[in-house]
Amino acid sequence: MKHSNFVTTFISLYGELDRSTLHRLPEIYSNDIQFIDAVHQIDGLPMLTEYFEHLYENILNCQFHIHHVIENGGEASLFWTMEYSHPKIGKGKCISVDGTSHIKFNERVYYHRDYLDMGQMLYEHLPVLGSAVKLIKKRMQS
């Protein structure tokens, strides 16, 4: 399915996002961006840039693979898999996390909300907590 030029640009930039490309965030985000994920609510491009700088400072690798998009008149839902590795999480091994982003945009994104499983991203990979989360999930399945 063909996407708008803006969504195509957004997907392309997220595919290249790392420490060296953070200066390009103003190409896709408005100055008054409201960014929400499972842990943060960030208002404004300067705070979002600072958040990404801190994020990329502490990880070994992070890459987004956007594999499906539903777009309709100034908003889109993007379904993705993030692969990342952090030296203090999961012994530095690559971790895959499935998620969805809901974005609203005109010339640039002014609203971005991520939905993801924090267990899959973090909790399951911590020494003591990981075992407890996996046990809880197993019990809920039976």
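Remember, it's a predicted structure, so these values are computed and weren't measured experimentally. (Residues numbered from 1 in each chain as written. Predicted model: local features only at pLDDT ≥ 70, side-chain atom pairs only at ≥ 80, totals over all residues. Heavy atoms only, no water.)

Colleague: Can you help me understand the nonpolar core in this one?
Modeller: Where a protein is soluble and globular, its nonpolar side chains tend to be buried together. Among the nonpolar cores identified, the biggest contains 33 residues, and F10, Y14, Y29, F35 and F52 are the most heavily contacted of them. Put simply, the parts of the chain that give this core at least two residues each are α1 (5–16), β1 (29–36), α2 (45–58), β3 (61–72), β4 (75–85) and β5 (95–105). Once residues lying within four places of it in the same chain are set aside, the contact partners of F35 are Y14, Y29, H40, Q41, I42, L48, Y51, F52, H112 and D114. (Core = buried A, V, L, I, M, F, W, Y, C linked by side-chain atoms within 4.5 Å. Buried < 20%, exposed > 50% of the residue type's maximum accessible area, 1.4 Å probe, protein only. Helix = DSSP H or I, 4+ residues; strand = E, 2+ residues; numbered from the N terminus. Contact = heavy atoms within 4.5 Å.)

Colleague: Is there a simple way to think about the packing of aromatic side chains in this case?
Modeller: Any pair of aromatic rings gets described here by the distance separating the centres and the angle formed by the planes. One pass over the structure, following the stated rule, counts 10 aromatic pairs. The interplanar angle of 45° and the centroid separation of 5.8 Å between the aromatic rings of F35 and Y51 together place this pair among those described as tilted. Here Y51 lies in helix α2 and F35 lies in strand β1, a separation of 16 residues in the sequence. For F35, a relative accessible area of 2% gives the class buried. On the accessibility criterion, Y51 (16% relative accessible area) is buried. Relative to F52, the ring of F35 lies with its centre 6.0 Å away and its plane at 65°, an arrangement referred to as edge-to-face. With F35 in strand β1 and F52 in helix α2, this pair connects stretches of sequence that are 17 residues apart. Here the aromatic residues F6, F10, Y14, Y29, F64, W80 and F105 are joined through ring pairs into a cluster of three or more. One residue, K104, lies across the ring of Y111, its end atom 5.1 Å from the ring centre. (Phe/Tyr/Trp six-rings, centres within 6.5 Å; stacked < 30°, edge-to-face > 60°. Lys NZ or Arg CZ within 6 Å of the ring centre and 35° of its normal.)

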